[in-house]
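Observations on chain architecture
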Amino acid sequence: MSIERSAETNEAQIAVHWKEEEYVRSSAKFIGQANLVDPAITERFSEKNFPECFREYADMLSWDRYWHTTLDTSNPPFWKWFVGGKLNVCSNCVDRHLAQYGNKAAFIFVPEPEYEPVYTITYQELFTRVNEVAAVLRTFCGLEKGDRVTIHMPMIPELPITMLACARLGIIHSVVFGGFSGEAAGLRASDSGSRVMIYSDGYYRNGKIIDHKSSADIALEAAAKAGTKIEKVLVWRRHQGQDLSKKPMVQGRDYFMDEVLLNFKRAKVDAVSMDAEDPLFLMYTSGTTGQPKGCQHRTGGYLAYVAGTSKYYQDIHPEDVYWCMADIGWITGHSYIVYGPLALAGTSVLYEGVPNYPDAGRPWRIAEQLDVNIFHTSPTAIRMLRKAGPEEPKKYHYHFKHMTTVGEPIEPAAWRWYYDVVGKREAVIVDTWWQTENGGFLCTTKPALDPMKPGSAGPPALGIFPIIYDEEGKEVPAGSGRAGNICIRNPWPGIMQTVWGDSDRFVKQYYQKYCKNSKSTDWRDWPYFAADGAVLAADGYYRILGRVDDVINVAGHRLGTKEVESACLTVPEVAEAAVVPVIDEIRGRMPVVYISLKPGVEDVERVTEQIISTIETMIGKIARPKAVHTVPDLPKTRSGKIMRRVLAAISNAMDPGDVTTLANPDIVELIRRQVQGAGPVVLKEGPEDLKQFGANE
Ligand code: WTA
């Protein structure tokens, strides 16, 4: 298909041609044991039963006081769920399981070094450890309900223990992914108004010891510059009594947790009964504008939603061994390593390291050793393991009944390897589409009820009513083959409450675009804008195409192009910077940087190095660009706007469209030659998110 359009054309209406895949059906064996096998569920969660249908999820929890109103829409889009209800998340995830499951594994921790033993934390042990940590937070740190704490930690059991201890007291935790830089953690801590930060001294990653405590000092400096004084830093030691960090502890500020805990042996702390609407945690994520925003999640609705979706879509039973190979520092880890599985008395595996360390057989050895039967990962990990060891899974005697993919679109070829080789054609797959903002799954098949379709997330989750709009707000119908912006017409219990400290941004970012009447208190007037492109097939299956804003999805992680650009602009030699996505075989997308230099700057190599290290310091290694191109000028419109879309087209060998209306059209060919070489122009049809890139600028 040839694309005829100008650089300004709106892409949401361009046809999407893709082959419809055949359905794949789940096995009778899976269906025979599944949690959700009753087809009447669809009727129970139909629109006419909304919002009361979500009682079914909330009733999976233990409430201190039952709620009186399921959904309060009086102040849209600030929805309230299970109003009047009281509960505690920690006691729902830990205390209430003690009678029946006290001696069952809550977590199984797998250290990255294979010589270190795997160990299990039972619900009883978890209860003890969480209580002791809660006592430290309350008595030693003076923290109480409503205070915020920033946790910058890797994948070790002390991370979920600390989160649960916060939840026990109603302290709002903000976990920052361990791979983010100290500076990024410090800015997030400051935005949340944390007084305490929690670290680990170090951890193992890719065979190396990472000195993590060193980023605490940088974080505190960044927080202080942003106006927030962090009073205490608690440091968990990966090996008790041994220090993996070379950084000295700062007296009166830094404390080793194992030493503080000596004063709190067997301490017990009552779980604080929280309002359903009290915030549970913040999770910072990148959006279209400015700094990352703190998505604020509520107590009752969130836990109900993750419990319900873990039960019905992840098919977690207490006797299963469930392994989600994500990092707890992302929303997937919060919802589907910690809170969802634990609410159901599940056994959740925590793996410290990278999937292919020391080799691409590692995940399958872990699965074999622990009898993992539910496995959850991302397309990037699937592609990486497939490339590094396509035959590895066959060597190990494990059997998955269920597998999940999340975070990016998965191409049918990768899906098939996952199904045939990893799942040995025995495991059902759910492709779950959702976002940090959403708390839990929005589109996915019901594993025992709906057939799978490779490359499609599937029908909406129970009680979720999506719609695809074009730019003018007209519905794009099913089976039209046209892409548009996927929106959710209704509120659901897992949706975030607001952006921490910035309610305007919450309304603007997610609701302004398609709001039908800003005075209305009817939820039907307030569709949620997800910022993803999607197509809806005639059978009601949604295929997610990727972001329509300037967020780049790198290996399933969100990166704001504006954040990377501002990092580049702090390098004094840089005059202008533009960041665009480029297709990467393994990681899906990666950022590429285009810069122009200030007059007289000659040493391009040094500036390039400077740019890369600045990006890593300000954001983290995940933002490391695939390439930095120093060009004489960036393509601009006559009004001076940088045409990022043209650069994205060049980086991906796509058609940049009509560039004759630009202020400097000749620069396009010059940059093309620089990036692609002097050869002839070869243009290919690009994926939708790249064609859409910059459309909203
Ligand atoms: C993308 C991760 C296709 C999407 C849970 C979304 C997906 C962003 C899928 C959110 C999927 C997530 N198929 N794309 N199954 N799941 N995405 O906030 O672009 O880290 O907007 O949440 O990932 O990323 P986030």
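In every chain, residue numbers begin from 1 and rise along the written sequence. In keeping with the predicted nature of the model, local features appear solely for residues at pLDDT of at least 70, side-chain atom pairs appear and are counted solely at 80 or more, and the whole-chain, interface and lining totals rest on all residues. The side-chain figures draw on all heavy atoms in the structure; neither hydrogens nor water molecules are used.

1. A few points about the sheet that holds strand E20 (residues 428-432)
To keep it simple, the criterion reads: Two strands qualify as a pair provided DSSP detects at least 2 bridges between them. Where helices and strands are cited, they refer to DSSP runs of H or I of at least four residues and of E of at least two residues respectively, numbered from the N terminus. Orientation is described by axes fitted as lines to C-alpha atoms, over the contacting stretch for helices, and by angles from 0 to 180 degrees between their N-to-C directions.
Overall, mixed pairing links the seven strands, which are arranged E5-E4-E17-E16-E18-E19-E20 in an open sheet. Strands at the two margins of the open sheet, each flanked by one partner only, are strand E5 (119-122) and E20. The sheet shows a mean angle of 20 degrees between the axes of neighbouring strands, taken without regard to direction. Of the pairings in the sheet, the one linking strand E4 (residues 105-110) to E5 comprises four bridges and is antiparallel in character. Each residue of the ladder has a partner; that of Phe107, found in E5, is Ile121.

2. Focus on the site of the ligand
So the rule is basically this: Distances are taken per atom, and a residue is near a molecule or strand as soon as one of its heavy atoms is within 4 Å of it. In protein, a polar contact means a hydrogen-donor-capable atom and an acceptor-capable atom, both N or O and within 3.5 Å, with residues adjacent in sequence counting only if both atoms are side-chain atoms; elsewhere, any N or O pair within 3.5 Å suffices. Note on areas: Shrake-Rupley with a 1.4 Å probe; residue coverage comes only from the protein chains shown. Here the term charged refers only to Asp, Glu, Lys and Arg, the term nonpolar to Ala, Val, Leu, Ile, Met, Phe, Trp, Tyr, Cys and Pro, and the term polar to all other amino acids, Gly among them.
With respect to spatial proximity, 18 residues lie near the ligand, and among them Asp431, Thr432, Thr436, Asp532 and Arg558 are the closest. Here a nitrogen atom of the ligand sits 3.3 Å away from a polar atom, N or O, in the main chain of Glu408. For the ligand, an oxygen atom lies 3.3 Å from a polar atom in the side chain of Asn553. Starting from 530 Å² of accessible surface for the ligand in isolation, the protein chains cover 97%. Each residue belonging to the shell around the ligand can be placed in one class, and the counts come to six nonpolar, seven polar and five charged.

3. Section: the nonpolar core
This is how it is decided: The term nonpolar core refers to a set of buried residues drawn from Ala, Val, Leu, Ile, Met, Phe, Trp, Tyr and Cys, joined through side-chain atoms within 4.5 Å. Burial classification: accessible surface area is computed with a 1.4 Å probe over protein chains only, and a residue below 20% of its type maximum counts as buried, one above 50% as exposed, and the rest as partly exposed. Note on contacts: a residue pair qualifies if any of its non-hydrogen atoms lie within 4.5 Å across the two residues.
Core analysis: the largest hydrophobic core is formed by 119 residues, its most contacted members being Phe54, Tyr57, Leu126, Leu137 and Tyr339. With nine residues, the single largest contributor to this core is helix H6 (residues 123-140). The residues touching Phe54, leaving out its near neighbours within four places in the chain, are Phe45, Trp81, Phe82, Tyr305, Leu462, Gly463, Trp492 and Pro493.

4. A word on unusual backbone geometry
Backbone geometry follows two general trends: most residues other than glycine have a negative phi, and most peptide bonds adopt the trans configuration. In this model, Phe50 is joined to Pro51 through a cis peptide bond whose omega is 0 degrees. Of the consecutive residues Pro76 and Pro77, the connecting peptide bond is found in the cis state with omega at -5 degrees. In this fold, Pro77 is placed in the loop between strand E1 (69-72) and strand E2 (80-83).

5. Notes on the side chain of Arg168
Along the chain, the position of Arg168 falls in helix H7 (residues 158-169). Leaving out residues up to four positions away in the same chain, Arg168 has contacts with Asn88, Cys90, Ser91, Asp95, Phe127, Val130, Asn131, Ala134, Val269, Asp270, Ala271 and Val272.

6. Side note on the packing of H7 against helix H12 (residues 331-343)
Selection criterion: Oblique is the label for any angle not covered by the other classes, which are roughly parallel (under 35 degrees), roughly antiparallel (over 145) and roughly perpendicular (65 to 115). Each crossing gets its hand from how the near helix is turned against the far one by less than a right angle, where anticlockwise is left-handed and clockwise is right-handed.
Relative orientation of the contacting elements H7 and H12 amounts to 60 degrees, with a least axis distance of 12 Å. Considering the angle they form, H7 stands oblique to H12. Considering the relative orientation of H7 and H12, their crossing is right-handed. Two secondary-structure elements touch here, H7 through Pro160, Met163, Leu164 and Ala167 and H12 through His334, Val338, Tyr339 and Leu342. The residue inventory of the contact of H7 with H12, partitioned by class, reads seven nonpolar, one polar and no charged.

7. Here's the deal with the packing of helix H19 (residues 644-651) against helix H20 (residues 666-676)
Between H19 and H20, the shortest axis-to-axis distance is 9 Å and the interhelical angle comes to 35 degrees. By crossing handedness, the relation of H19 to H20 is classed as right-handed. Residues Val646, Leu647 and Ile650 of H19 form the contact with H20, whose participating residues are Val668, Ile671, Arg672, Val675 and Gln676. Of the residues belonging to the contact of H19 with H20, the class tally is six nonpolar, one polar and one charged.

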